[in-house]
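In case you want the letters, here they are:
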Amino acid sequence: MSDKFDKQTAGARPAATVSKDDGPAPAAIKAIPVRHYGRWISAVVVLGLVALLVNAFATAEKIQWQAVGDYVFDSTVLAGAGRTLLISILAMVMGVVLGVVLAVMRLSKNPVTSWVAWVYIWFFRGTPVYVQLLLWFNLALIFPVLNLGPIYKDEMVDVMTPFMAALLGLGLNEAAYMAEICRAGLQSVDEGQTEAAHALGMSHGKTLRRIVIPQAMRVIVPPTGNEFINMLKTSSLVYAVTYNELLRATSTIGSTSYAVMEMLFVACIWYLVITSVFSVGQYYLERRFARGSSRNLPATPWQKVKANLTAFSRERSSTV
């Protein structure tokens, strides 16, 4: 043991020592960031174009901006915005519920239910929403009376009100798209999860509720949020069935006050406000469902703004 130790210590190289005669230590490297002149030029060009566009609308003599401010909180406009929000939420709920049912039917091993779901999706995705709204609104031309036997019987014109035509037209059309979204989400879950649940004695329905659907929500939620934002805008098509939503309310005021463009700007303002609020909610909902699949959650909008401001201040200080 001693001979081996002596050989190792004898063959070991001595530690390097720095003496004063070797000269001064090298200076620290000062990193100079690369200047991206193209970014500054493109930013100036874009800001210039935006300024020209804003100036063109601001100085337009035929636009009465005072009318926009006077009518943006008008009671008729607020009532129309409320109806837009109501019909969008109800149609989306109908679309989600029916879409889940259609997705399960489409994935069923029963050829009849699978075929019926496929035909439904094929029809409602293949025809425009505008045409479907008109079909529901004019259904009384084919069926003057809605006769459900001893359950219900009434004139079709009394049943198919503008609200009902708008709800059916938007909700049933949305169900076709939600069926494909839900089907994609269900198929994204590994089949081993279903096999393991069945091995534990779970029924097919319980496996869907407890195992498959909770995992599929991570895939279903993002496009569902996009569909709801799109529904808020698509609801303007119910103008055709005389449902008094936001666009119809502003158009009515514009036709009587001769401020057509101004009232369209008011409608745009409220559509932007509503969609922006729900876009924020969609973002945080996606962030919540991403907790189980991502270790590093995406930064919130405020965190992104703070990071960009910090990076900009650092780059500015380094160039000075």
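Remember, it's a predicted structure, so these values are computed and weren't measured experimentally.

How each quantity is defined
- Residues numbered from 1 in each chain as written.
- Predicted model: local features only at pLDDT ≥ 70, side-chain atom pairs only at ≥ 80, totals over all residues.
- Heavy atoms only, no water.
- Axes fitted to C-alpha atoms, helices over the stretch in contact; angles between N-to-C directions.
- Helix = DSSP H or I, 4+ residues; strand = E, 2+ residues; numbered from the N terminus.
- Parallel < 35°, antiparallel > 145°, perpendicular 65-115°, else oblique.
- Left-handed = near helix turned anticlockwise from the far one by under 90°.
- Contact = heavy atoms within 4.5 Å.
- Nonpolar A, V, L, I, M, F, W, Y, C, P; charged D, E, K, R; others polar.
- Expected span 1.5 Å × (residues − 1).
- Polar contact = N/O pair within 3.5 Å; in protein donor to acceptor, adjacent residues only side chain to side chain.
- Phe/Tyr/Trp six-rings, centres within 6.5 Å; stacked < 30°, edge-to-face > 60°.
- Buried < 20%, exposed > 50% of the residue type's maximum accessible area, 1.4 Å probe, protein only.
- Salt bridge = Lys/Arg side-chain N within 4 Å of Asp/Glu carboxyl O.
- Core = buried A, V, L, I, M, F, W, Y, C linked by side-chain atoms within 4.5 Å.

### Quick word on the packing of helix H6 (residues 129–137) against helix H8 (residues 162–188)
Here's step 1: At a minimum axis distance of 9 Å, the contact between H6 and H8 shows a crossing angle of 140 degrees. In this view, H6 runs oblique relative to H8, as classed from their interaxial angle. The way H6 lies across H8 gives a crossing that is right-handed. Of the residues in H8, those touching H6 at Val-129, Gln-132, Leu-133, Trp-136 and Phe-137 are Pro-162, Ala-165, Ala-166, Leu-168, Gly-169, Leu-170, Leu-172 and Asn-173.
Here's step 2: Per-class residue counts for the contact of H6 with H8 are ten nonpolar, three polar and no charged.

### Some words on helix H11 (residues 246–257)
Residues that lie three or four places apart on an α-helix share one face, since the helix turns once every 3.6 residues.
Here's step 1: In this model, H11 (twelve residues) spans 17 Å end to end at C-alpha, consistent with the 16 Å of a helix rising 1.5 Å per residue.
Here's step 2: Its side-chain oxygen 2.9 Å from the backbone nitrogen of Leu-247, Glu-245 forms the N-cap of H11.
Here's step 3: Looking one or two places after H11, you find Tyr-258, whose phi comes out positive at around 60 degrees.

### Things to note about the packing of aromatic side chains
Here's step 1: By the definition in use, this model includes eight aromatic pairs.
Here's step 2: Between the aromatic rings of Trp-118 and Trp-122, the centroid separation amounts to 6.3 Å while the plane-to-plane angle is 5 degrees, which identifies the pairing as stacked. Residue Trp-118 and its partner Trp-122 are both found in helix H5 (residues 111–126); the two are separated by four residues, about one turn of the helix.
Here's step 3: Accessibility expressed as a relative area gives 55% for Trp-122, which makes it exposed.
Here's step 4: Relative to Tyr-243, the ring of Phe-163 lies with its centre 5.9 Å away and its plane at 50 degrees, an arrangement referred to as tilted. Placement of Phe-163 in helix H8 and of Tyr-243 in the loop between helix H10 (204–234) and H11 is noted, with a sequence separation of 80 residues between them.

### Notes on the pattern of salt bridges
Here's step 1: By the definition in use, this model includes three salt bridges.
Here's step 2: The partner of Arg-106 in a salt bridge is Glu-180, and the shortest N-O contact between them spans 2.9 Å. Taken together, the residues Arg-106 in helix H4 (residues 75–106) and Glu-180 in helix H8 connect sequence positions 74 residues apart.
Here's step 3: Of the charged contacts, one joins Glu-180 and Arg-125 as a salt bridge, the two residues approaching to 3.7 Å between their closest N and O atoms.

### Observations concerning the nonpolar core
Here's step 1: Counting 28 residues, the largest nonpolar core has Val-77, Leu-246, Val-266 and Trp-270 as its most contacted members.
Here's step 2: Elements with a minimum of two residues in this core: H4, H8, H10, H11 and helix H12 (260–289).

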